[in-house]
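Each chain is listed here by its residues.
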Amino acid sequence: MKNPVKQKLKNGQKTIGGFLQTLSPVAAEIMAQAGFDWLIVDLEHSPGDFANLQAQLQAMNGSGVVPFARAPWNDAVAIKRILDTGVMGVLVPYVNTREEAEAAVAACKYPPQGVRGVAGSPRAAGYTGNTMPYLNSANEETIVMIAVETLEAVANLDDILTVEGLDGIFIGPVDLASSMGYLGDPAQAEVQQTIAQIESKVFASDKFLGTLAATWDKARACFEKGYQWMAVTQDGATLVKASRQAVSNFRDDYGDG
């Protein structure tokens, strides 16, 4: 198991990817062929399950894209089952304390570094065909990210950033804004100031920083600041945007036809 995205992040390089939220292996296959560094299957904000996750990973085979998944929660059983499908990175949502960050890392690591259950039969280890090579490399090659999306997490960020085995921080701007009293509105000045505070602390640490951007201008601005992991598209949202734009173009030129 070799993870080229983890090596890029260690080298200080920038990476780009997108969320998969429609449960569609076809969408996963199409986006995998686009040339992204990674794709992240979302199990927090989609109705997907572990079997559907595995089907999407199978659709990515041969593309060279590195598969991630966002866990539904900071739950060791869910994270174990996610990793057994063969993902190379896990984003754990709603982590607010050092202890919670340590638990997220432990769930992603085999003993003695963690508590992940050991089995050679799942897809990750080639259904027993690659058991020991996988077991010997998984702890080092798997990327562990946690989401900072509350004021509690911001207050505890200094301690969170000292957690060994934690690779990166993901800023969830909409959840952060909502936790601050600005439901769904991260553009508020107070929210942006808090995001800047998070950025400053993460950039001074040995962790990488990631988020999502709705436009390329936003993504570029984040990259210029020092972000290394940027989600720039979502399969469902991108389809909505493209479809509405096509209809708008038609209506502007021809009205009702």
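Here is a short report on the structure shown in this document. Keep in mind it's a predicted model, so treat the numbers as computed, not measured.

A word on the overall build of the protein. Each helix and strand in the protein was counted, giving twelve helices and eight strands. In terms of C-alpha radius of gyration, the protein reaches 19 Å, essentially the compact-globule figure of 18 Å for 257 residues. With the C-alpha coordinates aligned to their principal axes, the bounding extent of the protein is approximately 65 × 40 × 30 Å. Relative to its full complement of 257 residues, the protein shows a buried share of 48%. Long-range pairs, those at least 24 residues apart, make up 61% of the contacts in the protein between residues at least 6 apart in sequence.

Around the barrel, eight strands lie side by side as E1-E2-E3-E4-E5-E6-E7-E8; this closed barrel has parallel pairing. Sheet twist, expressed as the mean angle between neighbouring strand axes with direction ignored, is 25 degrees. In this sheet, strand E5 (residues 143-148) lies alongside strand E4 (residues 89-92) in parallel orientation, the contact comprising four bridges. The partner of Val90 across the bridge, within E5, is Val144. Across the sheet, helix H2 (residues 25-32) is in contact with strand E1 (15-20), strand E2 (38-42) and strand E8 (229-234); its angle to E1 comes to roughly 165 degrees.

Close contact between H2 and helix H3 (residues 50-60) brings their axes to 8 Å; oriented N to C, the two are set at 35 degrees. Note that H2 runs across H3; the crossing there is right-handed. Where H2 abuts H3, its residues Pro25, Ala28, Glu29 and Ala32 lie against Ala55, Gln56, Ala59 and Met60. Grouping the amino acids of the contact of H2 with H3 by side-chain chemistry returns six nonpolar, one polar and one charged.

The full count for this structure, using the stated rule, is eleven salt bridges. Residues joined by salt bridges that share partners form a network here, namely Asp42, Glu44 and Arg70.

For E2, a buried count of five out of five residues is recorded, marking the element as mostly surrounded by other parts of the structure. Where burial is concerned, the two faces of E2 agree: the one with Trp38, Ile40 and Asp42 and the one with Leu39 and Val41 are both buried. With four bridges connecting them, E1 and E2 associate as parallel partners. In the strand pairing of E2, Phe19 is matched with Ile40. Note that the unit made of E1, H2 and E2 has a crossover that is right-handed. Sheet topology note: the E2/strand E3 (residues 66-70) ladder contains five bridges and is parallel. Bridged to Trp38 within E3 is Val66. With H3 bridging E2 and its parallel neighbour E3, the resulting β-α-β unit is right-handed.

Another aspect to go through is the side chain of Arg123. On the secondary structure map, Arg123 appears in the loop between helix H5 (98-108) and helix H6 (131-141). Salt bridges are absent for the buried Arg123, whose nearest opposite-charge side chain, Asp84, sits at 11 Å. Those residues within four positions of Arg123 in sequence are excluded, and the remaining contacts are Gln54, Leu57, Gln58, Asn61, Asp84, Thr85 and Gly86.

Once that is clear, we can look at the nonpolar core. Ranked by internal contacts, the top residues of the largest apolar core, which has 53 residues, are Met60, Ile146 and Ile169. Among the elements that take part in this core, H5 stands out by supplying five residues, more than any other. Ignoring anything within four residues of it in the chain, the contact list for Met60 reads Leu20, Ala28, Ala32, Leu39, Val41, Val65 and Pro67. With 16 residues, the next largest nonpolar core counts Phe68, Ile143, Phe170 and Ala231 among its residues.

With respect to the helices and strands, the residue Gly236 is situated in helix H12 (residues 235-254). With 217 residues separating them in the primary sequence, Gly236 and Phe19 have C-alpha atoms 8.9 Å apart.

Criteria and cut-off values
Residues numbered from 1 in each chain as written. Predicted model: local features only at pLDDT ≥ 70, side-chain atom pairs only at ≥ 80, totals over all residues. Heavy atoms only, no water. Helix = DSSP H or I, 4+ residues; strand = E, 2+ residues; numbered from the N terminus. Rg over C-alpha atoms; globule rule 2.2 N^0.38 Å. Buried < 20%, exposed > 50% of the residue type's maximum accessible area, 1.4 Å probe, protein only. Contact = heavy atoms within 4.5 Å. Pairing = 2+ DSSP bridges. Axes fitted to C-alpha atoms, helices over the stretch in contact; angles between N-to-C directions. Left-handed = near helix turned anticlockwise from the far one by under 90°. Nonpolar A, V, L, I, M, F, W, Y, C, P; charged D, E, K, R; others polar. Salt bridge = Lys/Arg side-chain N within 4 Å of Asp/Glu carboxyl O. Right-handed = clockwise from strand over helix to strand, strands pointing away. Lys, Arg positive; Asp, Glu negative; His and termini not counted. Core = buried A, V, L, I, M, F, W, Y, C linked by side-chain atoms within 4.5 Å.

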